[in-house]
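Letter by letter, the chains look like this.
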Protein chains: 2
Amino acid sequence: MRDEQLLELLTERPGEYISGEEISRRLSVSRTAVWKGINRLKEQGYEFDSVTRRGYRIVRLPDRFDEVSLRLQLGKLTSWGQPLHLLDTIGSTQDLARELAEKGAPEGTLVIAEQQTAGRGRQGRVFHSPAGRGVWMTLVLRPQQPLQYTSQLTLLAAVAICRALRDVSGLDIGIKWPNDLLIGNRKVCGILVESAAEDGHVRYALGGFGIDVNVALEDLPEEVRPLATSLRIERGEPVDRTAVVAAILSELETLYHLYNREGFAPIAALWEASALAIGKVVTVKTLQHTMTGIARGLGENGELLLEQPDGSITPVYSGEVGF
Amino acid sequence: MRDEQLLELLTERPGEYISGEEISRRLSVSRTAVWKGINRLKEQGYEFDSVTRRGYRIVRLPDRFDEVSLRLQLGKLTSWGQPLHLLDTIGSTQDLARELAEKGAPEGTLVIAEQQTAGRGRQGRVFHSPAGRGVWMTLVLRPQQPLQYTSQLTLLAAVAICRALRDVSGLDIGIKWPNDLLIGNRKVCGILVESAAEDGHVRYALGGFGIDVNVALEDLPEEVRPLATSLRIERGEPVDRTAVVAAILSELETLYHLYNREGFAPIAALWEASALAIGKVVTVKTLQHTMTGIARGLGENGELLLEQPDGSITPVYSGEVGF
């Protein structure tokens, strides 16, 4: 049975349920094959209402970016997103962006994919990127700042995306240092800024952004569900992914220009205003050890300033925060 | 005519000259073909004495690293150089090292090639790496310092290699900021430190080192000859490349451990003690503009501190120094 045959059947009486038995009989396949076919369609972004004894009903077709309207919306709000590489399925937008950057792609080059099959998160973790449900994208930057300021870009990205998602969704979203975006204590966005440097000079930086826009919990593996959410889950209705992309790029570009003109101080202030744990006791797990202290804010390079029980301040450059 | 036939002829009467005419006649090829063959052998590292009307005489066979004695000498002086990848011809040691680092190669992994066909210098420049004449190598590092300190590694590499080459050759070698090693005003070594970071964390750094050990000026393209030299040219005799590799790795490891224990201050002091232009008027060409001032030393991130005519200090993070 081809997926096309199954789809034809499922769409011939719009709005009505069609039973697994009928599908099985008419396509001359087993009930198990029907069930597998339905799951394949779900992976492609089809959504079903399924009711015992009545069968399946398509309630939502896969969401696809429309390239023309994406270009139009981007063009209204930002000079970034050009060139635009819009792909259906890719291993990782980060890897394609790296190839493009190595070949000289300019600042503002954007890679978006409907689906990543090998999306990467921080520290080599798997990042789940189901088809049509999120914004999985990488932006190429060519920062002029010397190498030692590059980690500030991670904070800049976090605050820009936090502000953009609040604007688009109206939801209360906060930043967990350095760059996780949370609603409640569930993650709605992952940020991975990779950079390539030569001596003291940054050749390029890749801002990898994965936003769970319309992801349903069942799209995700069971083990990550307790920690994840999406704009759709929180709002109770789907959110326009094109608007999300345009809002993010626009805010990123605005803050990036502010940063280039006035340095990190205004970015740090905006970051702290959106941060979740400032003034609270947090635990930080670094590669070497685990520390507890009060998060006091950002140092001038974007490090987290942790107040120890004796009142001294320890700067933390990388690690996982828990609170 | 195969190179092997030419070599057979050239080595049949050791110490004696053999004329181009004889070679041409006995191999039944043109005089131009003979001349081209001799040039191919030169590129492989053969050296000739050629005298008008008498012909060619091999005076030096290609120098090859002996892997066993290289491993032995490294083993005596340093824990680095393991795993060792010793290759004959490669595009760029930096590119292979990057592949190995991406696959998890440990700190101390070393890639050495007799010859690079696409050696890279700073800012995408071509780096010439003729067969058997130099040390063309890349060392994989996994620094624990946060990203903003990575450019200090470039300075650390410069001072370590400067000290090692002085030890091995007895020559007076100085550093031009940030990391060119000069004898007189001619360059004897190029250093390219590339790094890959994820947020505030350095995933790996690649120390690419190209040392003109036994390079003759005729090995180099005409346009770079006025600016280049080699240990052999300055000493008037060949220098053992294996000793050069071992001395460099040993000094690098020593200074790296010092740096990890005590920070950048002792490295900066050693660097300044070997620097060529401290206290002198220099011109610095950056991507944006050209500045003139007195080089006062290194700032705490390795930037060059340039005293302006009005007495103010401008930090320079990347650029080309002239004096």
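Residues numbered from 1 in each chain as written. Chains lettered and ligands numbered in written order. Predicted model: local features only at pLDDT ≥ 70, side-chain atom pairs only at ≥ 80, totals over all residues. Heavy atoms only, no water.

**A look at the interface of chain A and chain B**
Contacts between the two partners involve 29 residues from chain A, matched on the other side by 30 residues from chain B. The junction of chain A with chain B conceals about 2300 Å² of combined surface from both sides, 44% of it contributed by carbon and sulfur atoms. The interface formed by chain A and chain B contains two salt bridges. Arginine 122 of chain B serves as the salt-bridge partner of aspartate 199 of chain A, at 3.0 Å between the closest nitrogen and oxygen. In this assembly, chain A and chain B are joined by ten residue pairs in polar contact (both at pLDDT 80 or more). Of all the secondary-structure elements, those providing two or more residues to the side of chain A that touches chain B are α6 (151–169), β8 (186–198) and β9 (201–211) of chain A. A per-element tally of the side of chain A that touches chain B places β8 of chain A first, with eight residues. For the side of chain A that touches chain B, the per-class residue count stands at ten nonpolar, 14 polar and five charged. Relative to strand β8 (residues 186–198) of chain B, β8 of chain A runs antiparallel, the two sharing five bridges. Looking across to β8 of chain B, one finds that glutamate 194 of chain A is bridged to glutamate 198 of chain B. (Contact = heavy atoms within 4.5 Å. Buried area = accessible area lost by both parts, 1.4 Å probe. Salt bridge = Lys/Arg side-chain N within 4 Å of Asp/Glu carboxyl O. Polar contact = N/O pair within 3.5 Å; in protein donor to acceptor, adjacent residues only side chain to side chain. Helix = DSSP H or I, 4+ residues; strand = E, 2+ residues; numbered from the N terminus. Nonpolar A, V, L, I, M, F, W, Y, C, P; charged D, E, K, R; others polar. Pairing = 2+ DSSP bridges.)

**Topic: the sheet that holds strand β12 (residues 304–307) of chain A**
Residue and element names in this part refer to chain A. An order of β13-β12-β11-β10-β14 is seen for the five strands of this open sheet, with the pairing classed as antiparallel. Looking at which strands have only one partner, the edges of the open sheet turn out to be β13 (313–316) and β14 (320–322). Ignoring strand direction, the axes of neighbouring strands in this sheet form an average angle of 45°. Pairing geometry for strand β10 (residues 281–285) and β14, over three bridges, is antiparallel. Within β14, the residue paired with threonine 283 across the bridge is glycine 322. (Axes fitted to C-alpha atoms, helices over the stretch in contact; angles between N-to-C directions.)

**Considering the side chain of serine 169 of chain B**
Residue and element names in this part refer to chain B. Relative to the helices and strands, serine 169 is located in helix α6 (residues 151–169). Judged by relative accessible area, serine 169 falls into the buried class, the value being 6%. Of the polar contacts made by the side chain of serine 169, one reaches the backbone nitrogen of leucine 171; its length is 3.0 Å. Residue contacts for serine 169: discarding those within four places in its chain leaves Leu231 and Arg235. (Buried < 20%, exposed > 50% of the residue type's maximum accessible area, 1.4 Å probe, protein only.)

**Describing the sheet that holds strand β14 (residues 320–322) of chain B**
The pairing of strands in a sheet happens through backbone hydrogen bonds and is either parallel or antiparallel. Residues and elements named next belong to chain B. Here we have five strands laid out as an open sheet, ordered β13-β12-β11-β10-β14, and antiparallel in their pairing. Both edges of this open sheet fall to β13 (313–316) and β14, since each of them pairs with a single strand only. Recorded for the sheet is a direction-independent mean angle of 45° between the axes of neighbouring strands. In this sheet, strand β11 (residues 290–298) lies alongside strand β10 (residues 281–285) in antiparallel orientation, the contact comprising five bridges. Each residue of the ladder has a partner; that of threonine 283, found in β11, is threonine 292.

**Overview of the UniProt feature "DNA-binding region" (unreviewed entry) in chain A**
UniProt records the feature "DNA-binding region" (unreviewed entry) at residues 20–39 of chain A, using the numbering of this structure. Secondary structure content for residues 20–39 of chain A is 85% helix and 0% strand, and the end C-alpha separation is 13 Å. (UniProt positions renumbered as here; feature names shortened; annotations may be inferred.)

**Description of the environment of isoleucine 90 of chain A**
All names here are of chain A. As for its placement among the helices and strands, isoleucine 90 is situated in strand β3 (residues 84–90). Assessed through its relative accessible area of 12%, isoleucine 90 is described here as buried. As for isoleucine 90 and isoleucine 173, which are separated by 83 residues in sequence, their C-alpha atoms are 29 Å apart. Once residues within four sequence positions are removed from consideration, isoleucine 90 is found in contact with Leu96, Ala113, Gln115, Gln116, Thr117 and Ala118.

**Section: the environment of isoleucine 112 of chain A**
Residue and element names in this part refer to chain A. Considering the arrangement of structural elements, one finds isoleucine 112 in strand β4 (residues 110–116). Given the relative accessible area of 0%, isoleucine 112 is considered buried. On a C-alpha basis, the gap between isoleucine 112 and phenylalanine 209 in space is 9.7 Å, while along the polypeptide they are 97 residues apart. Setting aside its immediate chain neighbours within four residues, isoleucine 112 contacts Phe65, Leu70, Leu84, His85, Leu86, Leu87, Thr93, Trp136, Met137 and Val245.

**Some words on the domain arrangement of chain A**
All names here are of chain A. By the assigned domains, chain A splits into domain 1 (3–60), domain 2 (67–272) and domain 3 (277–322). Each of domain 2 and domain 3 has a C-alpha centre, and these two points are 25 Å apart. Every contact between the two is made by 15 residues of domain 2 and, on the other side, 15 residues of domain 3. Across the domain 2 to domain 3 interface the summed buried area is about 1200 Å²; carbon plus sulfur atoms make up 54%. The largest share of the area that domain 2 buries against domain 3 comes from Lys176, Trp177 and Glu272, three residues that together contribute 49% of it. On the surface where domain 2 and domain 3 come into contact, there are two salt bridges. Of the charged contacts in the structure, one is a salt bridge between arginine 125 and glutamate 320, with a shortest N-O distance of 3.6 Å. Residue assignment for the side of domain 2 that touches domain 3 shows that the elements contributing at least two residues are α6 and α9 (265–274). Here the side of domain 2 that touches domain 3 is composed, by residue class, of seven nonpolar, four polar and four charged. (Domains from an automatic or database assignment.)

**So, the packing of aromatic side chains**
Inspection of the entire model under this criterion finds ten aromatic pairs over all chains. It is arginine 241 of chain A that lies over the ring of phenylalanine 65 of chain A; its NZ or CZ is 4.0 Å from the centre. (Phe/Tyr/Trp six-rings, centres within 6.5 Å; stacked < 30°, edge-to-face > 60°. Lys NZ or Arg CZ within 6 Å of the ring centre and 35° of its normal.)

**Quick look at the relation of the copies chain A and chain B**
Here the second copy of the chain follows from the first by a rotation about an axis and a shift along it. For these two chains of identical sequence, chain A goes onto chain B by a turn of 180° and a shift of 0.2 Å along the axis, with RMSD 0.2 Å. Such values leave the two copies arranged in the relation of a two-fold axis. Within chain A, the C-alpha atom positioned nearest to the axis of rotation is that of glutamine 148 of chain A, 1.8 Å from it. Looking at the interface residues of chain A, 100% of them are also at the interface in chain B, so both copies use one shared face. (Least-squares fit on C-alpha atoms with pLDDT ≥ 70 in both.)

**Some details on the side chain of glutamate 114 of chain B**
Secondary-structure assignment places glutamate 114 of chain B in strand β4 (residues 110–116). The exposure class of glutamate 114 of chain B is buried, given its relative accessible area of 4%.

**Quick word on the pairing of strand β2 (residues 55–60) of chain A**
Residue and element names in this part refer to chain A. Here strand β1 (residues 47–51) pairs with β2 via five bridges, running antiparallel. By the bridge assignment, phenylalanine 48 is partnered in β2 with isoleucine 58. Between the end of β1 and the start of β2, which pair antiparallel, lie three residues, with arginine 53 showing a positive phi angle near 70°.

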